Amino acid sequence: KTGSRGPVSCTTCNGGTSISSKNCALITGMVATEEFGVPQSQEQANGVANPNRSRQAGQSPPAKDVEIGAGDNSVFSSVKSTTASTQRSDEWVDINDDVYNMFFLSRLGGQAFWYAIYIFGLKLTLYVFLANDAFDVEQPTDVSVEVLVTQFFMLPVAVAMQDDLIATYYLVANIKYSPMVKMEATHATKWKFHVANLCRGIDGMFSLLVNFVILLKATEVLSLFLNFAALQFLQTIDNIALRLCAEGYLSDRLEIVANQVTTVRLPNKNNQLYRSMDSILFLSTFGALLIAWAVIHFV
């Protein structure tokens, strides 16, 4: 083919190297595109005829089973392995919308980093104050059957209402860290992912402990429910803190990190044993509370 720059030839073919006609067509097409700026269709570049165009021209489409060379096999093997890897990859799910994931995505020493630590310390401080007052109240000895039955049925509720603890169980069992998250959040490192989950679990355990102590100290059904309702507010402080940042009530940097929390996703685990750990942890926690409740009241 001749253009403004003169004839274009396949230097590989002129050099005496034997290549397939398909690869020769590919090389020639690349040279033509580079020399003349004339784009070729994908079928021409690959040396494969378009069956639809063959039908329009009244020709029969080429057979699907085409013999390919060793070089082509490596390309198709690479594509096949990539496709298989994609199919084996886990489903990516949203992370929890809480201040602990702000810590996970934050820059070390940045505003979101210290903001998350402050909220974590605030919640623990409030739980410690409540626990001190609750332990100062003497354990009632003459508890009505009505209160005992209510306490028994509220034990699983006390575990289930701990959002941070349940989220920790779910993350441990189902979610794993992936370095690909750094494409969206540069500072989301693996150690901060685990530290954030640890802090969330400590928060949930403290909340459950305070709930359990207040449940044991209850002498009336009404006071038991009122105390549970009041503690529910404390459990949502970290979520409220995130929402304040996401809606722009605080600094712009905190707003950016908080909005990242709502968009970042992490992959599920493939291990079936791990994925049943959340149920095991939930039932174990309920069992431990039930045993402690029975020992305190009946032993």
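Quick note: structure is the one above.
The structure presented is a predicted model; accordingly, all values stated were derived computationally and were not measured.

Caption draft 1: Local environment of the overall build of the protein. Of the regular secondary structure elements, the protein holds 15 helices and four strands. In the protein, which comprises 299 residues, the share counted as buried stands at 34%. A fraction of 79% describes how many contacts in the protein between residues 6 or more apart in sequence connect residues 24 or more apart. Put simply, the protein shows about 17,900 Å² of open surface, and 61% of that area lies on carbon and sulfur atoms.

Caption draft 2: Structural detail: the packing of aromatic side chains. In total, this model carries 10 aromatic pairs according to the counting rule given. Geometrically, the ring pair formed by tyrosine 100 and phenylalanine 120 is edge-to-face, given 6.0 Å between the ring centres and 75 degrees between the ring planes. You can see tyrosine 100 sitting in helix α6 (residues 99-105) and its partner phenylalanine 120 sitting in helix α7 (residues 111-136), a full 20 residues away along the chain. Exposure remark for tyrosine 100: the relative accessible area of 3% places this residue in the buried category. Ring geometry for phenylalanine 113 versus tryptophan 114: centroids 5.1 Å apart, planes at 90 degrees, classification edge-to-face. Residue classification places phenylalanine 113 among the buried residues on the basis of a relative accessible area of 8%. A relative accessible area of 52% places tryptophan 114 in the exposed class.

Caption draft 3: Expanded view of the side chain of threonine 168. Note that threonine 168 resides in helix α9 (residues 163-174). Within the structure, the side chain of threonine 168 is placed 3.2 Å from the backbone nitrogen of glycine 201, a separation counted as a polar contact. In contact with threonine 168, other than residues within four places in its own chain, are Asn197, Arg200 and Gly201.

Caption draft 4: Examining the pattern of salt bridges more closely. Counted under the stated rule, the structure contains five salt bridges. Close ionic contact of lysine 123 with aspartate 164 constitutes a salt bridge, the shortest N to O distance being 3.1 Å. In this pair, lysine 123 is assigned in helix α7 and aspartate 164 in helix α9, connecting sequence segments 41 residues apart. Linking lysine 123 and aspartate 203 is a salt bridge whose minimum nitrogen-to-oxygen distance equals 2.7 Å. Taken together, the positions of lysine 123 in helix α7 and aspartate 203 in helix α10 (residues 190-217) put the pair 80 residues apart, joining distant regions of the chain. Grouping residues by exposure puts lysine 123 and aspartate 203 together as buried. Connected through shared salt-bridge partners, Lys123, Asp164, Asp203 and Asp238 make up one network.

Caption draft 5: Fine view of the packing of α7 against helix α12 (residues 237-246). At a minimum axis separation of 10 Å, α7 and α12 run at an interaxial angle of 150 degrees. Judged on the interaxial angle alone, α12 and α7 are roughly antiparallel. Crossing of α7 over α12 shows right-handed handedness. Together, Tyr115, Ile119, Lys123 and Leu126 of α7 and Ile237, Asp238, Ala241 and Cys245 of α12 make up the contact between the two elements. Within the contact of α7 with α12, the residues separate by chemical class into six nonpolar, no polar and two charged.

Caption draft 6: The environment of phenylalanine 135, seen in detail. Within the fold, phenylalanine 135 resides in helix α7. Leaving out residues up to four positions away in the same chain, phenylalanine 135 has contacts with Val213 and Lys217.

The rules behind each value
- Sequence order sets the numbering: in each chain, residues are counted from 1 along the sequence as written.
- A pLDDT threshold of at least 70 governs which residues receive local features in this predicted model, and a stricter bar of 80 or more applies before side-chain atom pairs are shown or counted, although totals over entire chains, interfaces and linings include all residues.
- Hydrogen atoms and water are omitted, and side-chain values are computed over all heavy atoms in the structure.
- Helix numbers and strand numbers start at the N terminus; a helix is a DSSP run of H or I with at least 4 residues, a strand a run of E with at least 2.
- With a 1.4 Å probe rolled over the protein chains alone, any residue whose accessible area is under 20% of its type maximum counts as buried; one over 50% counts as exposed, and the rest are partly exposed.
- We call two residues in contact whenever any of their non-hydrogen atoms come within 4.5 Å of each other.
- Accessible surface area values rest on a Shrake-Rupley calculation with a 1.4 Å probe, where residue burial reflects the displayed protein chains alone.
- Note on ring pairs: Phe, Tyr and Trp rings are taken, using the six-membered ring of Trp, and paired if centres are within 6.5 Å. Classes follow the plane angle, with under 30 degrees stacked, over 60 edge-to-face and the rest tilted.
- Counted as a polar contact is a pair of N or O atoms within 3.5 Å, where, for protein atoms, one must be capable of donating a hydrogen and the other of accepting one, and residues adjacent in sequence contribute only when both atoms are in side chains.
- Each salt bridge in this description consists of a side-chain nitrogen of Lys or Arg and a carboxyl oxygen of Asp or Glu lying within 4 Å of one another.
- Axis geometry follows a simple rule: fit a line to the C-alpha atoms, using only the stretch in contact for helices, then measure angles between N-to-C directions, giving values from 0 to 180 degrees.
- Here the word oblique covers every angle except those under 35 degrees (roughly parallel), over 145 (roughly antiparallel) and from 65 to 115 (roughly perpendicular).
- By the definition used in this description, the sense in which the near helix is turned from the far one sets the handedness, with an anticlockwise turn below a right angle giving left-handed and a clockwise turn giving right-handed.
- Here the nonpolar group is Ala, Val, Leu, Ile, Met, Phe, Trp, Tyr, Cys and Pro; Asp, Glu, Lys and Arg are the charged ones; every other residue, Gly included, is treated as polar.

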